[in-house]
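Survey of secondary and tertiary structure
Here is what each chain is made of, one letter per residue.
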Amino acid sequence: MPTQTAYLGLGSNEGDRAGHIQQALQRLAAAPGVQVVRTSSLRESTFVGQGPPQPTFLNGVVELRTSLLPIALLDLCKALEAAAGRTLPAPRHHPRPLDLDVLFVGHERVDTRDLVLPHPRWHLRQFVTEPLRELGVDVATMPRALAAAVIESPAAFSARTTQWLAGGCTIGLVPTMGSLHAGHGSLLTMARQECDRVVATIFVNPLQFGPNEDFAAYPRDLAADLQLCREAGADAVFAPTVAQMYDPLFCSHVAVGSAAEGMEGAVRPGHFAGVATVVARLFALARPQRAYFGEKDAQQLAVIRRMTKDLGFPLQIVGCPIVREADGLAMSSRNVYLGAADRQASTVLVRALRSARDVFTRGERDRDRLLARARSVLATEPRALVEYVELRAEGELAPLPSGPVLQGRMLVAAKFVDGVRPVRLLDNLSLVEGS
Ligand code: AMP
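The paragraphs below set out a description of the structure included in this document. Predicted model, so just to flag it, every value in this text is computed and none were measured. (Residues numbered from 1 in each chain as written. Predicted model: local features only at pLDDT ≥ 70, side-chain atom pairs only at ≥ 80, totals over all residues. Heavy atoms only, no water.)

**Focus: the packing of aromatic side chains**
For the structure shown, the criterion picks out eight aromatic pairs. Both rings, one in Phe157 and one in Phe238, keep their centres 4.1 Å apart while their planes meet at 10°; by these two values the pair is stacked. Taken together, the residues Phe157 in helix H4 (residues 154-166) and Phe238 in strand S11 (residues 236-238) connect sequence positions 81 residues apart. With a centroid separation of 5.2 Å and an interplanar angle of 75°, the aromatic rings of Phe283 and Phe313 are classed as edge-to-face. Of the two residues, Phe283 sits in helix H9 (residues 271-286) while Phe313 sits in the loop between helix H10 (298-311) and strand S13 (316-320), which places them 30 residues apart along the sequence. The exposure class assigned to Phe283 is buried, which follows from its relative accessible area of 2%. In this structure Phe313 comes out as partly exposed when scored by relative accessible area, which is 21%. One aromatic cluster is present, built from ring pairs that chain together Tyr7, Phe104 and Trp122. One Lys or Arg, Arg421, reaches over the ring of Tyr337 and ends 6.0 Å from the middle of that ring. (Phe/Tyr/Trp six-rings, centres within 6.5 Å; stacked < 30°, edge-to-face > 60°. Helix = DSSP H or I, 4+ residues; strand = E, 2+ residues; numbered from the N terminus. Buried < 20%, exposed > 50% of the residue type's maximum accessible area, 1.4 Å probe, protein only. Lys NZ or Arg CZ within 6 Å of the ring centre and 35° of its normal.)

Structure below.
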């Protein structure tokens, strides 16, 4: 069997640390298909991760020659960790008698749920790079995990997600139009916590813009977006051109029904059909287990939930809370176009919503009086050209009849016209939850 050089990270921060590592090295040396070539000295390193404070680690690196496939080497490492008394599945960020990380196996690249090679964070860990240097390894030339790749073609995107699915990974999809801010970042962070692989998509979708809307002027900044995606831990960014997304003969669309009526659906005819069409296409390409959308666009979230159910996409839609500026304005890519005076005036939306929620909290239950309260606050700001204020049922956002309401979400849209260009702002607030 051909052999190749492999490196393992060695660590222990529980019990007889040096003893656990020595025993693991002896067991490695006795394992079929494994030859221990050299071991670095062991060094103390303080724990830097999240979670409760932990005892210091003893760390080092061992160089092997092995005929084992990477996955068989991983299984051997897990067996040695278990033999040292580590409970499996091990709680994350807790002390462990033995921690064996497969760092490299030759120049192999692996990207499955259980194993990623080269180890994705080896170059960031001094307790790995120092022992490697001690063994004479030129760390500057060792392969690193690829940075989140920008994928442009739908076929390449689909091939990537197929590979992840074959490796047993769950995929989290975060569809965006780019010009990313902390609101998008929160979607990526939530996806990162819940999924093995995270994909952001950046696509300003012409199908969801009306003829007199701001498709051409929509803010775009791919370089900054990539940085945010990488910092938030995205594994790939799908950023196709319009021609790549929609070929010249493209002619199929998703029709949307009552969830898309009223509010945004009334102000922007055809908007939600365009959104649903592109999202369905992204679902088909990525085949995610979860897709993340912001409550900021509450009606969009309701339309997508409905479409997912109606068309039977086998995935979970995760709604994420609105991220706001310090003064309460809901973050939006279009906020950059607000003039200074409009920017100041723009907080009237959240003030109106909070005021209605305050009276609800104090016992007001009449739908029309709650709406009147929000309208009276909005009326104090002539710069806000209000398009609608509505109180809808939570979830599907069905219209509520006049009379008493037990719960609901108030939604508002207003236009501000004195900036670089006219900007429509949306906001909403649940009457029962704080946000
Ligand atoms: P967009 O790029 O505007 O299409 O937004 C992409 C996704 O990010 C949508 O699901 C939005 O609802 C969500 N999003 C946008 N702004 C915010 C925000 N301020 N807080 C949370 N999510 C947001």
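**Concerning helix H6 (residues 222-231)**
Among all positions in H6, only Asp225, Leu226, Leu228 and Cys229 are buried. The buried residues of H6 occupy an angular sector of 165° when projected down its axis, which confines them to one face. Across H6 from its buried face, at more than 90 degrees, point the exposed residues Ala223 and Glu231. As for H6, its buried residues are in contact with strand S8 (149-151), helix H5 (182-194), strand S10 (197-202) and S11. Immediately downstream of H6, the backbone of Gly233 shows phi near 90°, a positive value. (Arc of directions from axis to C-beta. Contact = heavy atoms within 4.5 Å.)

**Description of the packing of H9 against H10**
It is the contact of H9 with H10, at a shortest axis distance of 10 Å, that shows an interaxial angle of 55°. If you check the angle between H9 and H10, you find them oblique. H9 and H10 meet at a crossing whose hand is right-handed. When H9 is examined against H10, the residues Phe272, Val275, Ala276, Val279, Ala280 and Phe283 are found in contact with a partner set consisting of Gln299, Gln300, Val303, Ile304, Met307 and Thr308. Taken together, the residues that form the contact of H9 with H10 break down as nine nonpolar, three polar and no charged. (Axes fitted to C-alpha atoms, helices over the stretch in contact; angles between N-to-C directions. Parallel < 35°, antiparallel > 145°, perpendicular 65-115°, else oblique. Left-handed = near helix turned anticlockwise from the far one by under 90°. Nonpolar A, V, L, I, M, F, W, Y, C, P; charged D, E, K, R; others polar.)

**Remarks on the site of the ligand**
Met177, Gly294, Asp297, Val323 and Met331 are the nearest of the 17 residues found near the ligand. Within the contact set of the ligand, an oxygen atom lies 2.8 Å away from a backbone nitrogen or oxygen of Gly294. Bound to the protein, the ligand loses 93% of the 480 Å² it would expose on its own. Of all the elements in the fold, those that place two or more residues in the shell around the ligand are strand S9 (171-176), H5 and strand S12 (290-294). Among the elements that make up the shell around the ligand, the one with the highest residue count is H5 (three residues). Residues belonging to the shell around the ligand are distributed by class as follows: nine nonpolar, six polar and two charged. (Near = heavy atom within 4 Å. Polar contact = N/O pair within 3.5 Å; in protein donor to acceptor, adjacent residues only side chain to side chain. Areas by Shrake-Rupley, 256 points an atom, 1.4 Å probe, with all protein chains shown as cover.)

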